[in-house]
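Listed here are the chains, written in short residue letters.
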Amino acid sequence: MNFCAIRVIYKFEMLRTWNTILQSVLSPVISTSLYFVVFGAAIGSRIEQIEGVSYGTFIVPGLMMLSLLTQSIANASFGIFFPRFTGTIYEIMSAPVSAFEILVGYVGAAATKSLIIGLIILATAGFFVPLEIAHPVWMGAFLVLTCISFALFGFIIGIWASNFEKLQLIPLLVITPLVFLGGSFYSVSMLPPAWQTITLFNPVVYLISGFRWSFFEVSDVSVGISLMMICLFLAACLILVWWMFKTGYRLKE
Amino acid sequence: MKPIISVSDLCKTYSDGHVALKRVDLDIMPGEILALLGPNGAGKTTLISIICGIVSASSGSVSVGGHDIVSGYRSTRAMIGLVPQELTLGAFDRVRNTVSFSRGLFGKKPDPAYVEQVLRDLSLFDKKDSEVRILSGGMKRRVLIAKALSHEPRILFLDEPTAGVDVELRQDMWQIIRRLRDSGVTIILTTHYIDEAEEIADRVGVINNGELLVVDDKLELMRKLGKKELHIELREPITRIPDSLARHGLVSSPDGREVTYTYDIRSDSTGITDLLQDLKSAGLTLKDLNTAQSSLEEIFVNLVKNKP
């Protein structure tokens, strides 16, 4: 195992984060604050409690997921796309590193960054609404699993994308709608029955539901199914990455 | 001596159907400087890229230091440093950081003293904390060399190292390369400048259209291919070359007004004196004489042109 390589990839990816600290940290803090001001205070004050939780508090897990998903994908996809774009990928490909080591370096750094952002958002939310976490260990587990899975997904996008437009395509056209329609700002039970069934095809529903359960012990689907879905997603991403390295897809062409 | 790199029956066809390498066989000896000559698109970079692990071969095999480049990629890649043709550097990297990054990537523990020495050797130490994007093209090239040397490789590949660099840097670069060779590093460089190959290489390989046309000792190659021609214009045209001149291997022009004698400039005896005496004995009167040396460029072009 080339630990030195994992260490330098991780370190340099994190260094990129510190170099753009304002953009990396301040922007999620500001956008979360805005959500709380608009949804929590302005609109939320006129919305009744959902399953015994005030609306402002209810949206915290969904808001965190929104940022975690988009940030994990953006960090990891950019992390691997940029060396491909500039051509510096030659060095990674010619180094004595395995696919697994490359993955741990890039995905680990992207997941770490989104984890930090997630925790910052949680702390920011604490300023606006009262927060109590029923199952902190499960909350942590969901947080870490989500960050890793979606960083992995971002890594796949970063290898697949052949230009900057494609890099933005899936986060913009697929992920953002799925998160907004996945119950970030509402409970699935608030939807008409037909839509409740349709919405169960949205994988993000399971993420948000499980994550919300760890906060308030209320969920749209059972927590076991949530956990299983996220593990399935993680496994699918791992298989796809394995295939990409095995065939050299977009890397050795 | 066993070759440090052994390329056997190597073929590469890209997904768009372009055949980049056709059954290439090549042995590279430890400690030598091998120059791969070839026009743009000849397959030089593909060959290097396969050996370094950047491109997958379609068929054939390559071993480096006795290890297969696929099954033993960790061992083979750890031995190799690569300086790519393009000035590919991360825009926001700083010189020392990017060199340290390369060292770590190749599995070497941090060694600030060694990195500092590499930077000093390449006259980069003053720029160690500069962002690479503000450096000149020549300095960027030095950074790429520093990155390639950061993990103390036994083999160094330089892909078109002097493309777009000024004379001073070029001379510096040859000095660096000689120094590395003296320390036992095997060096393979690609170029399409023949004078470069002549100046620095021990052996020269000519590659065109994916085929390795020739690989030989540089001096041997120059001796074989470096011919000079003496054009002799005659006052009276001849219909055939007199028998007494047959041993000189003269070639007559179609109108019989000129004969051409080809000789080896590097040999002690060019045979010109004998030829002139024989011409006089044969009763031929000379009108004019001129010599033309086929430049290395021309030799190379001829070699490349003569193969489909």
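Residues numbered from 1 in each chain as written. Chains lettered and ligands numbered in written order. Predicted model: local features only at pLDDT ≥ 70, side-chain atom pairs only at ≥ 80, totals over all residues. Heavy atoms only, no water.

Participant: Mind laying out the overall build of chain A, listing which residues take part and the relevant values?
Facilitator: Looking only at helices and strands, one finds 10 helices and zero strands in chain A. Counting from the amino terminus, helix and strand elements in chain A follow one another as α-α-α-α-α-α-α-α-α-α. What you see for chain A is a C-alpha radius of gyration of 19 Å, in line with the 18 Å of a compact globule of 253 residues. Along the three orthogonal principal directions, the C-alpha set of chain A runs to about 60 × 40 × 35 Å. (Helix = DSSP H or I, 4+ residues; strand = E, 2+ residues; numbered from the N terminus. Rg over C-alpha atoms; globule rule 2.2 N^0.38 Å.)

Participant: Report on the interface of chain B and chain A, specifying residues and quantitative values.
Facilitator: Where the parts come together, the accessible area they lose is often given as the size of the interface. Across the boundary between the two partners, chain B contributes 28 residues, which contact 24 residues of chain A. Surface buried jointly by chain B and chain A totals about 2,300 Å² across both partners, of which 62% is contributed by carbon and sulfur atoms. In terms of surface lost to chain A, no three residues of chain B exceed Arg74(B), Phe101(B) and Leu105(B), which account for 28% of the buried area on that side. Applying the counting criterion to the chain B and chain A interface returns two salt bridges. Taking the shortest distance from any N to any O, the salt bridge between Glu101(A) and Arg74(B) comes out at 2.7 Å. Between the two partners, chain B and chain A, sit eight residue pairs in polar contact (both at pLDDT 80 or more). (Contact = heavy atoms within 4.5 Å. Buried area = accessible area lost by both parts, 1.4 Å probe. Salt bridge = Lys/Arg side-chain N within 4 Å of Asp/Glu carboxyl O. Polar contact = N/O pair within 3.5 Å; in protein donor to acceptor, adjacent residues only side chain to side chain.)

Participant: Now, about the environment of Gly31(B): what can you tell me, with residues and values included?
Facilitator: Residues and elements named next belong to chain B. Along the chain, Gly31 falls in the loop between strand 2 (19–28) and strand 3 (33–37). For Gly31, a relative accessible area of 22% gives the class partly exposed. Along the primary structure Gly31 and Gly184 are separated by 153 residues, whereas in three dimensions their C-alpha atoms are 5.1 Å apart. Excluding anything up to four places from it in sequence, Gly31 contacts Arg181, Gly184, Val185, Thr186 and Asp202. (Buried < 20%, exposed > 50% of the residue type's maximum accessible area, 1.4 Å probe, protein only.)

Participant: Kindly report on the packing of aromatic side chains, identifying the contributing residues and their values.
Facilitator: Residue and element names in this part refer to chain A. Inspection of every chain in the model, using the stated rule, returns 20 aromatic pairs over all chains. Consider the rings of Phe211 and Phe215, whose centres lie 5.2 Å apart with planes at 80°: the pair is edge-to-face. With Phe211 and Phe215 both in helix 9 (residues 203–216), this residue pair falls four residues apart, about one helical turn. We classify Phe215 as buried; its relative accessible area is 2%. Note on Phe215 and Phe216: the rings are 5.6 Å apart at their centroids and 50° apart in plane angle, and the pair reads as tilted. Take Phe215 and Phe216: they sit in the same class, and that class is buried. (Phe/Tyr/Trp six-rings, centres within 6.5 Å; stacked < 30°, edge-to-face > 60°.)

Participant: How would you explain the domain arrangement of chain B if you had to name every residue and give the values?
Facilitator: If you check the domain split of chain B, you get domain 1 (5–223) and domain 2 (227–295). Once you take the C-alpha centre of each, domain 1 of chain B and domain 2 of chain B turn out to be 45 Å apart. (Domains from an automatic or database assignment.)

Participant: Any chance you could break down the nonpolar core for me, citing the residues and the numbers?
Facilitator: Taken as a class, soluble globular proteins show a tendency for nonpolar side chains to be buried jointly. In this structure, Phe155(A), Ile5(B), Leu47(B), Leu105(B) and Phe157(B) are the most contacted members of the largest nonpolar core, which totals 146 residues. Ranked by residue count, the leading element in this core is helix 3 (residues 55–86) of chain A, at 14 residues. Membership of the second largest hydrophobic core comes to 12 residues, among which are Ile232(B), Leu245(B), Val259(B) and Tyr261(B). (Core = buried A, V, L, I, M, F, W, Y, C linked by side-chain atoms within 4.5 Å.)

Participant: Can you break down helix 10 (residues 223–247) of chain A residue by residue, with the values?
Facilitator: Residues and elements named next belong to chain A. Taking 1.5 Å of rise per residue, the 25 residues of helix 10 would be expected to cover 36 Å, and the 36 Å separating its terminal C-alpha atoms lies within 8% of that figure. Those residues of helix 10 that sit buried are Ser226, Ile230, Leu234, Cys237, Val241, Met244 and Phe245. Considering only its buried residues, helix 10 is in contact with helix 5 (99–128), helix 6 (136–160) and helix 9. Just downstream of helix 10, Gly248 is the residue with a positive phi angle, here 75°. (Expected span 1.5 Å × (residues − 1).)

Participant: Tell me about the side chain of Thr17(A), residues and numbers included.
Facilitator: Residue and element names in this part refer to chain A. Of note, Thr17 is situated in helix 1 (residues 3–19). Given the relative accessible area of 6%, Thr17 is considered buried. At a separation of 3.3 Å, a polar atom in the side chain of Thr17 contacts the main-chain carbonyl oxygen of Glu13. Apart from the residues within four sequence positions on either side, Thr17 is in contact with Ser24 and Lys113.

Participant: Could you give me a rundown of the sheet that holds strand 1 (residues 5–13) of chain B, with the residues and numbers involved?
Facilitator: Residue and element names in this part refer to chain B. Pairing is antiparallel across the open sheet formed by four strands, whose spatial order is 2-1-4-5. Looking at the sheet topology across the chains shown, the edges are occupied by strand 2 and strand 5 (67–68). Two strands pair when backbone bridges link them, and strand 4 (residues 59–64) and strand 5 are joined in this way by two bridges, in the antiparallel orientation. Bridging across to strand 5, Ser63 finds its partner in Asp68. Sheet strands touched by helix 1 (residues 44–52): strand 1, strand 2 and strand 4. Its angle to strand 1, the strand with the most contacts, is close to 115°. (Pairing = 2+ DSSP bridges. Axes fitted to C-alpha atoms, helices over the stretch in contact; angles between N-to-C directions.)

Participant: Mind laying out the side chain of His231(B), listing which residues take part and the relevant values?
Facilitator: All names here are of chain B. Among the structural elements, His231 can be located in strand 11 (residues 227–234). For His231, a relative accessible area of 16% puts it in the buried group. Polar contacts involving the side chain of His231 include one to the side chain of Thr260, which spans 3.2 Å. Apart from the residues lying within four places of it in its own chain, the contact partners of His231 are Glu258, Val259, Thr260, Asp288, Leu289, Asn290 and Ala292.

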